[in-house]
Amino acid sequence: MSVYQKVRAAQDKKDIDGFLSCLHDEFVFVRHQSGTEVSKEDWKPTLTTMMQSDALVFHNQRCLYENNEIMVEHSLMTFPDGTSEAVMVVNLLKDGKIIRTETGATPIT
């Protein structure tokens, strides 16, 4: 099963532990708004809040490209705060897990 398939299955089931198991121990999330880097441990509360919310909705989610080094995703997302964005996600992979995620987003009005 590809990394994308594992991530998508965890998202669909709102399986936080399953999603976290797809992240490398050295995982870093880069916030597109500020460029700040967040560790896996520091990202966990935000991820948990988002995934537990019924208001987080993925539309037209798809994997554009994946190999053993990179996975590129695109989706339209509605967030718990009611905002919507078109989101491009670039994940760098190491040892079959996501080690670094950077996003770019365009607000949808």
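Refer to the structure presented above.
The written sequence of each chain sets the order in which its residues are numbered from 1. Note on the predicted model: pLDDT of at least 70 is required for a residue's local features to be given, and 80 or more for side-chain atom pairs to be given and counted; whole-chain, interface and lining totals, by contrast, use all residues. Where side-chain values are given, they derive from all heavy atoms of the structure, hydrogens and water being excluded.

Peer 1: Honestly, the pairing of strand S6 (residues 97-108) in this entry has me stumped. Any pointers?
Peer 2: A regular strand places its side chains so that they alternate between the two faces of the sheet. Where strand S1 (residues 23-30) lies against S6, four bridges are found, and the strand directions are parallel. Within S6, the residue paired with Phe29 across the bridge is Thr101. Each pair of strands is called paired provided DSSP finds at least two bridges between the two strands. Numbering of helices and strands runs from the N terminus, with a helix taken as a DSSP run of H or I at least four residues long and a strand as a DSSP run of E at least two residues long. In sequence, strand S5 (residues 84-94) turns back onto S6 through a hairpin of two residues, with Asp95 there showing a positive phi of about 55°.

Peer 1: Just to check I follow, could you spell out helix H1 (residues 3-13) for this structure?
Peer 2: Residue pairs three or four apart in sequence face the same way in an α-helix, which turns once every 3.6 residues. For each residue, the accessible area found with a 1.4 Å probe, counting protein chains only, is set against the maximum for its type, and the residue is called buried under 20%, exposed over 50%, and partly exposed in between. Residues of H1 that are buried: Val3, Tyr4, Val7, Ala10 and Gln11. Looking straight down H1, one finds its buried side chains confined to an arc of 135°; they lie on one side. Exposed and facing more than 90 degrees away from the buried side of H1 are Asp12 and Lys13. Any two residues having at least one pair of non-hydrogen atoms within 4.5 Å are treated as being in contact. The elements touched by buried residues of H1 are helix H2 (16-20), helix H3 (40-52), strand S3 (57-66), strand S4 (70-78), S5 and S6. Phi for Lys14, located one or two positions after H1, is positive at around 55°. Arc definition: directions from the helix axis to the C-beta atoms.

Peer 1: Just checking my understanding: could you explain the side chain of His24 for this structure?
Peer 2: Along the chain, His24 turns up in strand S1. On the basis of relative accessibility, which here comes to 10%, the residue His24 falls in the buried class. For this analysis, a polar contact is any N or O atom pair within 3.5 Å, provided that within protein one partner can donate a hydrogen and the other can accept it, and provided that sequence-adjacent residues contribute only side-chain to side-chain pairs. Within the local environment of His24, its side chain forms a polar contact with the backbone nitrogen of Glu26, the two atoms lying 3.0 Å apart. Among residues more than four places away in sequence, those in contact with His24 are Lys40, Lys94, Asp95, Lys97, Ile98 and Ile99.

Peer 1: Whenever I open this one, a nonpolar patch on the surface confuses me. Can you help?
Peer 2: Residues qualify for a patch when their relative accessible area is over 30% and they have no salt bridge, like charges being joined within 9 Å and the nonpolar side chains of Val, Leu, Ile, Met, Phe, Trp and Tyr within 5 Å. Every accessible area reported is derived by Shrake-Rupley at a probe size of 1.4 Å, with residue values counting cover from the shown protein chains alone. Put simply, a salt bridge is a Lys or Arg side-chain nitrogen that is within 4 Å of an Asp or Glu carboxyl oxygen. The grouping of Leu64, Tyr65 and Met88 at the surface amounts to a nonpolar patch, some 280 Å² of accessible area in total. Within the fold, Leu64 resides in strand S3.

Peer 1: Please clarify how the sheet that holds S3 should be interpreted in this entry.
Peer 2: Through backbone hydrogen bonds, the strands of a sheet pair up, either in parallel or in antiparallel fashion. Within the open sheet, the six strands sit side by side as S2-S1-S6-S5-S4-S3. Their pairing is mixed. The two strands at the open ends of the sheet, each matched to only one other strand, are strand S2 (37-39) and S3. This sheet shows a mean twist of 20° between the axes of neighbouring strands, independent of strand direction. One ladder, built from eleven bridges, connects S5 with S6; its direction is antiparallel. In the sheet register, Ala86 faces S6, and the bridge partner there is Thr106. As a rule, the C-alpha atoms of each element are fitted with a line to give its axis, helices using only the stretch in contact, and angles between N-to-C directions run from 0 to 180 degrees.

Peer 1: When you look at unusual backbone geometry in this model, what are you seeing that I'm missing?
Peer 2: What you tend to see is this: most non-glycine residues have negative phi, and most peptide bonds are trans. Its identity is not glycine, yet Asn60 carries a phi of approximately 50°, on the positive side. Note on placement: Asn60 falls in strand S3. A residue is classified by how much of its surface remains accessible, and Asn60, at 55% relative accessible area, is exposed. Residues other than glycine seldom take positive phi values, yet Asp95 does so here, at roughly 55°. Within the element layout of this structure, Asp95 appears in the loop between S5 and S6.

By themselves, these are just geometric observations and shouldn't be taken as functional.
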